[in-house]
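Each chain, letter by letter, is given below.
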Amino acid sequence: MDLSIYDNSDFDRGAPRWKDAVWILVRLLFFQNAFPWPSPWRCALLRMFGAKIGRGVVIRTNVNISFPWRLTIADHVWIGEDVGILTLAPVTIESNVCISQRAYLCTGSHDFRRKDFKLRVAPITVRSGSWIAAASFIAPGIEIGSGAVISAGSVVFENVAPKTIVRGNPAMAVPKIP
C-alpha cells in the first residue's frame, strides 16, 4: 500500500460538517467520559442527532458512537461501558440485545490489496435476543442472528446463525447449550 495516494473524498459522512462537529462536542461531554449521565438523556441526545432509539435503552459510560444518524436501536437494549460503534455504514440493533463492555461494532475497513488502501464500509445488524459479550469484535457486513451468543473476546468475520453460540478468533460455532 501507498498511503500517500489514499483518498477518502468520496466517503459520505451522512450529515453536514457542522452537525458532525457539534456531535463530536456532545459525544465528548455526554458519552465518552466516566460521568454516569442518565440513559434517557443519552437516548434523547442520540435522537436529536438522527438516531432511531426505542424504549428502555440503557447506555453506560464511555460509549463511542461515530455517526448517530446511521444508528437504529430497538426496545430494551443494553450497551455497556467502553463500547465502540463505528457507524460508517448503518448499524441496526434489534430488541432485547445486550452489548457488553468493550465490544466493538466496526462497519469500516480498508482493502489492503489495493495500493490506495481504499475504504470499504458495510452495515451491521444484530437481531433480537442476542448477546455480544465483553471485548468482542464484529466486522463490517455481519449479521448476528436472533438469540445468538458471541462469547467474550470473540472476533466475528462471518454471519452468525440464529440461536448459535460462537467463540474464539476467528469465531466458530460451539455445541449448543440447553
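Fair warning: this is a prediction, and the values are worked out from it, not measured in the lab.

Undergrad: I'd like to hear about unusual backbone geometry, residue by residue, with values.
TA: With an omega of 0 degrees, the peptide bond running from Asn169 to Pro170 counts as cis. Of note, the phi angle at Asn96 is positive, near 55 degrees, even though the residue is not glycine. Within the secondary structure layout, Asn96 lies in the loop between strand S7 (91-93) and strand S8 (98-99). At Arg102, a position not held by glycine, the phi torsion is positive, near 60 degrees. The exposure class of Arg102 is exposed, given its relative accessible area of 59%.

Undergrad: Help me get a handle on the pattern of salt bridges, residues and values and all.
TA: Applying the stated criterion to the full structure yields nine salt bridges. Residue Glu81 is joined to Arg60 by a salt bridge in which the shortest nitrogen-to-oxygen separation is 3.2 Å. With Glu81 in the loop between strand S5 (78-79) and strand S6 (84-86) and Arg60 in the loop between strand S2 (58-59) and strand S3 (64-65), the pair connects residues that are 21 residues apart, well separated along the chain. When the shortest N-O distance is used, the salt bridge between Arg113 and Asp111 registers 3.4 Å.

Undergrad: A description of the packing of aromatic side chains should follow, citing residues and the corresponding values.
TA: Enumeration over the complete set of coordinates arrives at nine aromatic pairs. Note on Tyr104 and Phe137: the rings are 6.1 Å apart at their centroids and 25 degrees apart in plane angle, and the pair reads as stacked. Highlighted residues: Tyr104 in strand S9 (residues 104-106) and Phe137 in strand S14 (residues 137-138), separated in sequence by 33 residues. A network of ring pairs unites the aromatic residues Phe30, Phe35, Trp37 and Trp41 as a single cluster. Across from the ring centre of Phe112, 5.2 Å away, lies the NZ or CZ of Arg113, which sits over that ring.

Undergrad: Would you mind going over the sheet that holds S14 in detail, with residue names and values included?
TA: Judged by pairing direction, the sheet is parallel, and its five strands sit side by side in the order S3-S6-S9-S14-S17 without closing on themselves. Edge positions in the open sheet fall to S3 and strand S17 (155-156), since each of these has one partner strand only. Where S9 lies against S14, two bridges are found, and the strand directions are parallel. Bridge pairing in S14 links Tyr104 to Phe137.

Undergrad: Break down the side chain of Ser66 for me, citing the residues and quoting the values.
TA: Of note, Ser66 is situated in the loop between S3 and strand S4 (71-73). Judged by relative accessible area, which is 11%, Ser66 ranks as buried. Within the structure, Ser66 has its side chain in polar contact with the backbone nitrogen of Thr87 (distance 2.7 Å). Once residues lying within four places of it in the same chain are set aside, the contact partners of Ser66 are Asp20, Trp23, Arg27, Ile85, Leu86, Thr87 and Leu88.

Undergrad: Kindly report on the sheet that holds strand S16 (residues 149-150), identifying the contributing residues and their values.
TA: Strands sit in the order S2-S5-S8-S13-S16-S18-S19 across an open sheet of seven strands; the sheet is mixed. Looking at which strands have only one partner, the edges of the open sheet turn out to be S2 and strand S19 (172-174). In terms of strand pairing, S5 meets S8 through two bridges, oriented parallel. In the sheet register, Ile79 faces S8, and the bridge partner there is Ile99.

Rules of the game
Residues numbered from 1 in each chain as written. Predicted model: local features only at pLDDT ≥ 70, side-chain atom pairs only at ≥ 80, totals over all residues. Heavy atoms only, no water. Helix = DSSP H or I, 4+ residues; strand = E, 2+ residues; numbered from the N terminus. Buried < 20%, exposed > 50% of the residue type's maximum accessible area, 1.4 Å probe, protein only. Salt bridge = Lys/Arg side-chain N within 4 Å of Asp/Glu carboxyl O. Phe/Tyr/Trp six-rings, centres within 6.5 Å; stacked < 30°, edge-to-face > 60°. Lys NZ or Arg CZ within 6 Å of the ring centre and 35° of its normal. Pairing = 2+ DSSP bridges. Polar contact = N/O pair within 3.5 Å; in protein donor to acceptor, adjacent residues only side chain to side chain. Contact = heavy atoms within 4.5 Å.

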